[in-house]
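Overview (structure and organization)
Each chain, letter by letter, is given below.
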Amino acid sequence: MTDTRILKNPLFEDLSGREIDELMNCVGARVMRVERGGTVGLRNPQEPLFGILLSGSLSMTRYDAFGNRFLLLRAEEGEVFGLSLALIGSAPEDFFLTAATPCELLLMRADKILYGCTNDCASHKKLYLNIMKLLAKKNVELIRKQYHMAQRTLRRKLSSYLSEQSGLARSKRFTVRMDRQELADYLGVDRSALCAELSRMRKEGLIDYYRHDFFIKGTLVAEED
């Protein structure tokens, strides 16, 4: 019987347990475990893979020519990862999927989904629609990230990001899943500078925080350029 974590995943929305079981066979699904710091390989053009994160968290990172690390996306439990890269059939050499915590993954072959299978499953049509929805969602996430990074100062970047997180949580109290280094990588800034700016914002009475938990106390007004 299919794992309930798979049954409830948005990738299989409107699909019955029987249909999901059939698809698992079609797409060569298999479970893989990765320890913290381990890399998930998705670059084999003969077997383009993507997956569902059953537990843990994954980071998609990129290193530039100078060795600087940038956090592109963060996948948490229940999220689909590697779909865009798998569908185009290759992954750039400077892109990496790394386990931020111990992970359990459900890996599937994208080519089997994209081109159907010999069984000609009717459930593939539903799966295509769900994939389009997930890709659209990822695109929105990248647009949000681009907006934060486009801000001209570190204060503006942080204000933009924290305001968004507050809005998503519908509360002035919220939890940021990334640690300080990951947040710095995500915004494309130096970690020490980010920590110093957060400290200044707290001293000014704009925010309060403890580790991953944040509280917006005042209006996040950026400093003058």
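Figured I'd write up the structure that's included with this text. Just so you know, these numbers come straight off a predicted model, no measurement behind them.

When its volume is computed, the largest pocket comes out at roughly 610 Å³. Looking at the lining of the largest pocket, the elements that each hand over two or more residues are strand 5 (69–75), helix 5 (123–150), helix 6 (154–169) and strand 9 (173–175). The biggest single contributor to the lining of the largest pocket is helix 6, with five residues. Its residues placed into classes, the lining of the largest pocket shows nine nonpolar, two polar and nine charged. Within this model, the second largest pocket holds a volume of roughly 480 Å³. In this structure, the second largest pocket is lined by 27 residues; those nearest its centre are Leu-73, Val-80, Gly-82, Ser-84 and Lys-138. Where the lining of the second largest pocket is concerned, the elements lending two or more residues are strand 4 (58–63), strand 5, strand 6 (80–81), helix 3 (83–88), strand 7 (95–99) and helix 5.

To continue, consider the pairing of strand 5. Side chains on a regular strand alternate between the two faces of the sheet. Extensive coverage of strand 5 is indicated by the burial of five of its seven residues. Bridging between strand 4 and strand 5 involves six bridges; their strand directions are antiparallel. Bridge pairing links Thr-61 to Leu-71 in strand 5. Between strand 4 and strand 5, which pair antiparallel in sequence order, lie five residues; one of them, Gly-67, sits at a positive phi of approximately 85°.

Spatially, three strands are ordered 9-11-10 in an open sheet, and the strand pairing comes out antiparallel. Each end of this open sheet is capped by a strand with a single partner; those strands are strand 9 and strand 10 (207–210). Here the strands of the sheet are splayed against their neighbours by 20° on average, with no regard to which way each runs. Note that strand 9 and strand 11 (residues 213–216) share three bridges and pair antiparallel. In the strand pairing of strand 11, Arg-173 is matched with Phe-215. Contacting strand 10 and strand 11, helix 8 (residues 191–203) runs over the sheet at an angle of about 125° to strand 10.

Moving on to the pattern of salt bridges. Once the charged atoms of two side chains with opposite charge are near each other, the side chains can pair. One pass over the structure, following the stated rule, counts 14 salt bridges. One salt bridge in this structure joins Lys-138 and Glu-141, with 3.7 Å as the shortest N-O distance. On the criterion of helical spacing, the pair formed by Lys-138 and Glu-141 is a turn pair, its members being three residues apart in helix 5. Among the residues examined, Glu-141 registers a relative accessible area of 22% and is labelled partly exposed. Across the pair Glu-197 and Arg-200 runs a salt bridge, and its minimum N-O distance is 2.7 Å. Remark: Arg-200 and Glu-197 occur in helix 8; sequence separation between them is three residues, near one turn of the helix. Each of Glu-79, Lys-138, Glu-141 and Arg-177 takes part in one network of salt bridges that share partners.

The subject of this paragraph is helix 7 (residues 180–187). When you tally the buried positions in helix 7, you get seven out of eight residues, the bulk of the element. For helix 7, the capping residue at the N-terminal end is Asp-179, with a side-chain oxygen 3.2 Å from the backbone nitrogen of Gln-181. Looking at the residues trailing helix 7, positive phi occurs at Gly-188, about 70°.

Under the 1.5 Å per step criterion, the end-to-end length of helix 6 is 23 Å for 16 residues, consistent within 8% with the ideal 22 Å. The set of residues buried in helix 6 consists of Leu-154, Arg-155, Lys-157, Leu-158, Ser-159, Ser-160, Tyr-161, Leu-162, Glu-164, Gln-165 and Ser-166.

Rules used throughout
Residues numbered from 1 in each chain as written. Predicted model: local features only at pLDDT ≥ 70, side-chain atom pairs only at ≥ 80, totals over all residues. Heavy atoms only, no water. 1 Å grid on protein atoms, 1.4 Å probe; cavity = no way out; pocket = protein on both sides within 12 Å on 5 of 7 lines; lining within 4 Å. Points joined across faces, edges and corners; volume = space filled by probe spheres on them. Helix = DSSP H or I, 4+ residues; strand = E, 2+ residues; numbered from the N terminus. Nonpolar A, V, L, I, M, F, W, Y, C, P; charged D, E, K, R; others polar. Buried < 20%, exposed > 50% of the residue type's maximum accessible area, 1.4 Å probe, protein only. Pairing = 2+ DSSP bridges. Axes fitted to C-alpha atoms, helices over the stretch in contact; angles between N-to-C directions. Contact = heavy atoms within 4.5 Å. Salt bridge = Lys/Arg side-chain N within 4 Å of Asp/Glu carboxyl O. Polar contact = N/O pair within 3.5 Å; in protein donor to acceptor, adjacent residues only side chain to side chain. Expected span 1.5 Å × (residues − 1).

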